[in-house]
Amino acid sequence: MAQTYLERLQKGRGNRQVICFPYLGGHSRSFYPLVSHLPDTEIWAFTPPGHGMNSEEPLEHMQQLVELYTNELLPIIKSGATLFGHSLGGITAYYVTQRLQQELPDVAKTLRLVLSACNTPAECGLNRYDQMSDEHLIDHLFSYDGLPKELIHEKELLQYFMPVIRADFRMLESAATLECQPLSLPVLFLWGERDNAVPLQSALKWERYFDVPMKLQTIREGTHMFIMHHPSTVAHYLTSFMTPEVERLNIVDR
């Protein structure tokens, strides 16, 4: 049976299309909380190898993931689509957008990009999280709300997921090795004001990765995984960003 990497979560009733890129350990169904808050939007989401219901070995290098995702997108992406990535997914979305400029230049000119709670690629190579012990790595994930608190005593379950988590951290670190070409397209950065993993100064460093001004929106009381806890707020800013007449109202709070 063929493995599935890209799933359509909702058909939508309008012209808007959102492509979702998952965070570390995440998969397509991690974005289900957003769906009900974007009723008129066609929503697609990725599941990387080894995640969710995919039984393949997880990939460990960003270039491999970018190639896989780009090939999956080519048949379905529409002009004007919004690429939305959270944490690891934000970095992946950036590189996929860069690749789409080569593969589908006419479509790429119309795209929008939403980065959410992610450090820049250059910063990803500074920490060797994959070399931590399992115990310290799990503690690190809990420290920035990267794991549900109800799992804190489920040591055996967490051990089961450690190979995927370690592969994703190696994926994250490999992003620093790829070439970056500044993009020219509308870009929004969603930042949680209580994010212990991505400080504000790191979010602002993304500005050098674009040839156009980057809009920054603060998620009030948002921790690193605000996508889990504030899906309606995330959906609100996604909708505003995808709607030019609303965007012109200068809603972004910096």
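Residues numbered from 1 in each chain as written. Predicted model: local features only at pLDDT ≥ 70, side-chain atom pairs only at ≥ 80, totals over all residues. Heavy atoms only, no water.

1. Remarks on the packing of aromatic side chains
- Going through the model one piece at a time under the given rule, you end up with 10 aromatic pairs.
- Taken together, a centroid distance of 6.2 Å and an interplanar angle of 70° make the contact between F31 and F84 edge-to-face. Residue F31 is located in the loop between strand 2 (17–21) and helix 1 (32–35), and its partner F84 is located in strand 4 (residues 82–86); the two are separated by 53 residues in the primary sequence.
- What makes F84 buried here is its relative accessible area of 0%.
- Ring geometry for W206 and Y209: centres 5.0 Å apart, planes at 50°, overall tilted. Taken individually, W206 and Y209 each receive the classification buried, so the pair is uniform in this respect. (Phe/Tyr/Trp six-rings, centres within 6.5 Å; stacked < 30°, edge-to-face > 60°. Helix = DSSP H or I, 4+ residues; strand = E, 2+ residues; numbered from the N terminus. Buried < 20%, exposed > 50% of the residue type's maximum accessible area, 1.4 Å probe, protein only.)

2. Description of the pattern of salt bridges
- What the rule picks out here adds up to 11 salt bridges.
- Across the salt bridge formed by E7 and R29, the nearest N and O atoms sit 3.7 Å from each other. One end of the pair, E7, is in strand 1 (residues 6–10); the other, R29, is in the loop between strand 2 and helix 1, with 22 residues separating them in the sequence.
- A salt bridge links D40 to R13, with the nearest nitrogen and oxygen atoms 2.8 Å apart. Of the two residues, D40 is situated in the loop between helix 1 and strand 3 (42–46) and R13 in the loop between strand 1 and strand 2; the sequence distance between them amounts to 27 residues.
- When salt bridges that share partners are traced, they join E67, R99 and E103 into one network. (Salt bridge = Lys/Arg side-chain N within 4 Å of Asp/Glu carboxyl O.)

3. Focus: helix 7 (residues 155–174)
- Its 20 residues place the ends of helix 7 28 Å apart at the C-alpha level, agreeing with the 28 Å of an ideal helix rising 1.5 Å per residue.
- Along helix 7, the largest kink reaches about 45° and is centred on F161; proline P163 follows within four residues of it.
- All of the buried residues along helix 7 are L158, M162, V164, I165, R166, A167, D168, F169, M171, L172, E173 and S174. (Expected span 1.5 Å × (residues − 1). Bend = angle between axes of the 7 residues up to and from the residue.)

4. Considerations on the packing of helix 6 (residues 134–143) against helix 7
- Their axes nearest at 11 Å, the elements helix 6 and helix 7 cross at an angle of 75°. On the basis of the axis angle, helix 6 is roughly perpendicular to helix 7. On the side of helix 6, the interface is formed by D134, L137, I138, H140, L141 and F142, while helix 7 contributes L158, Q159, M162, I165, R166 and F169.
- In terms of residue class, the contact of helix 6 with helix 7 is built from eight nonpolar, two polar and two charged. (Axes fitted to C-alpha atoms, helices over the stretch in contact; angles between N-to-C directions. Parallel < 35°, antiparallel > 145°, perpendicular 65-115°, else oblique. Contact = heavy atoms within 4.5 Å. Nonpolar A, V, L, I, M, F, W, Y, C, P; charged D, E, K, R; others polar.)

5. Observations regarding the confidence of the model for the chain
- Predicted confidence across the chain gives a mean pLDDT of 90, with 92% of residues reaching 70 or more.
- In this model residues 246–254 is a low-confidence stretch, pLDDT under 50, and it forms 21 contacts with partners more than four residues away in sequence or in other chains. (pLDDT = per-residue confidence, 0-100.)

6. A look at helix 6
- Burial in helix 6 covers these residues: L137, I138, H140, L141 and F142.
- Contacts from the buried residues of helix 6 go to helix 7.
- Backbone geometry just after helix 6 places D145 at a positive phi near 70°.

7. Describing the nonpolar core
- Membership of the largest hydrophobic core comes to 57 residues, with the highest contact counts inside it found for L73, L113, F189, W206 and F210.
- Looking at this core element by element, the count peaks at seven residues for helix 3 (residues 88–103).
- With residues near it in sequence (within four places) discarded, L73 still touches L6, I19, F21, F46, V96 and L100.
- Counting residues in each nonpolar core, the second largest holds 25 residues, with L9, V35, V114 and Y237 among its members. (Core = buried A, V, L, I, M, F, W, Y, C linked by side-chain atoms within 4.5 Å.)

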